[in-house]
Amino acid sequence: MATDCTGMDELGITIQGEPYEHLLCHCVLTYSNWEWATICHSESLLALRSGIQAALFRLGHVPREHWTDNSGAAPHRPEKEKSGREFNDKYADLMKHFGMRPRTIQVSKAHENGDVESLNGALKRRIKQYLLMRGSRDFSSVEEYRRFLEQVLEKANASRRKRLAEELEVMAKLDVSRLAEYEEYRCRVMSWSTITVDRRIYSVPGRLIGEKVLVRRYEEH
């Protein structure tokens, strides 16, 4: 399976009339071209974790290898020169949890992730066609837009069932639990009723000044 994040702003999606800036975390099985995608707002590890899990739990099976490009969410260059490529600890733990071998393409060699790269464009063209048939690019909520995306993906995958069945025959069944799709932080509430979470400042009720609070940061909120 190969995963890549692709920008969606060019399609002009709006939520209740307001521009909805977002990406899709796009996962593709390279034999059948079965694909799944989830909404995200950055190429973070949290977005990657949510996107990969969504694809695997929909499949109910796990491929042997997972390929990414050289985004900061997965591989990174070690401080000292070493042989081979190292992975972020949290990404390595994600791969270990699902029993997948992590692989990355070479720097500046996007064609090595060719299936997902080409299907990024194909998926956006498909979504554009369905938006034209729908007659509007505006949605009442993110959830309505999410359901629209899932319907587009399900229809695209309908023509890939035969090759997908061949893939599933040789893939291990998914037999692990779902990981939490948030990061946890314990933060001290400062005297001006604020906390700092991942370098961002948030206001909290004044009665919590001096206390420690548990914060869960999801991909979308």
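Up top you'll find the structure we're talking about.
Heads up: these notes are all about the structure in this document. In this text, all values refer to a predicted model and were calculated from it rather than measured experimentally.

As for the overall build of the protein
The number of helices and strands found in the protein is five helices and 16 strands. The buried share of the protein, reckoned over its 221 residues, is 42%. In the protein, 64% of the contacts between residues at least 6 apart in sequence involve partners at least 24 apart. As displayed, the protein offers around 12800 Å² of accessible surface, 48% of which is attributable to carbon and sulfur atoms.

Side note on the environment of His41
Within the element layout of this structure, His41 appears in the loop between β5 (35–40) and α1 (45–59). On a C-alpha basis, the gap between His41 and His22 in space is 4.9 Å, while along the polypeptide they are 19 residues apart. The residues touching His41, leaving out its near neighbours within four places in the chain, are Tyr20, Glu21, His22, Leu23, Glu219 and Glu220. A polar atom in the side chain of His41 sits 3.3 Å from the backbone oxygen of Glu21.

Here we look at α1
Helical periodicity: at 3.6 residues per turn, an α-helix aligns residues three or four positions apart in one direction. Here α1 is 15 residues long and its end C-alpha atoms lie 21 Å apart, about the 21 Å a rise of 1.5 Å per residue gives. Burial runs high along α1: 13 of the 15 residues are buried. Just downstream of α1, Gly60 is the residue with a positive phi angle, here 75°.

Quick notes on the packing of aromatic side chains
Counted by the stated rule, this structure contains six aromatic pairs. Ring plane angle 80° and centroid distance 6.3 Å describe the contact between Phe57 and Phe98, whose orientation is recorded as edge-to-face. Residue Phe57 is found in helix α1, and its partner Phe98 is found in helix α2 (residues 89–98); the two are separated by 41 residues along the sequence. On the accessibility criterion, Phe98 (6% relative accessible area) is buried. Note on Tyr182 and Tyr218: the rings are 5.2 Å apart at their centroids and 55° apart in plane angle, and the pair reads as tilted.

What to know about the sheet that holds strand β2 (residues 14–15)
Pairing within the open sheet is mixed, and its three strands lie in the order β3-β2-β11. A strand with exactly one partner marks an edge of an open sheet, and here the two such strands are β3 (18–19) and β11 (138–139). As judged from the two bridges shared by β2 and β11, these two strands associate in the parallel manner. Among the inter-strand pairings, Thr14 is bridged to a residue of β11, identified as Asp138.

Quick look at unusual backbone geometry
The bulk of non-glycine residues show a negative phi, and the bulk of peptide bonds are trans. Here the phi dihedral of Asn33 falls at roughly 65°; this positive angle occurs in a residue that is not glycine. Following the sequence through the fold, Asn33 ends up in the loop between β4 (23–28) and β5. Given a relative accessible area of 25%, Asn33 falls into the partly exposed group. The phi dihedral of Asp198 falls on the positive side, at around 50°, and the residue is not glycine. Structurally, Asp198 can be placed in the loop between β14 (194–197) and β15 (200–203).

The rules we used
- Residues numbered from 1 in each chain as written.
- Predicted model: local features only at pLDDT ≥ 70, side-chain atom pairs only at ≥ 80, totals over all residues.
- Heavy atoms only, no water.
- Helix = DSSP H or I, 4+ residues; strand = E, 2+ residues; numbered from the N terminus.
- Buried < 20%, exposed > 50% of the residue type's maximum accessible area, 1.4 Å probe, protein only.
- Contact = heavy atoms within 4.5 Å.
- Areas by Shrake-Rupley, 256 points an atom, 1.4 Å probe, with all protein chains shown as cover.
- Polar contact = N/O pair within 3.5 Å; in protein donor to acceptor, adjacent residues only side chain to side chain.
- Expected span 1.5 Å × (residues − 1).
- Phe/Tyr/Trp six-rings, centres within 6.5 Å; stacked < 30°, edge-to-face > 60°.
- Pairing = 2+ DSSP bridges.

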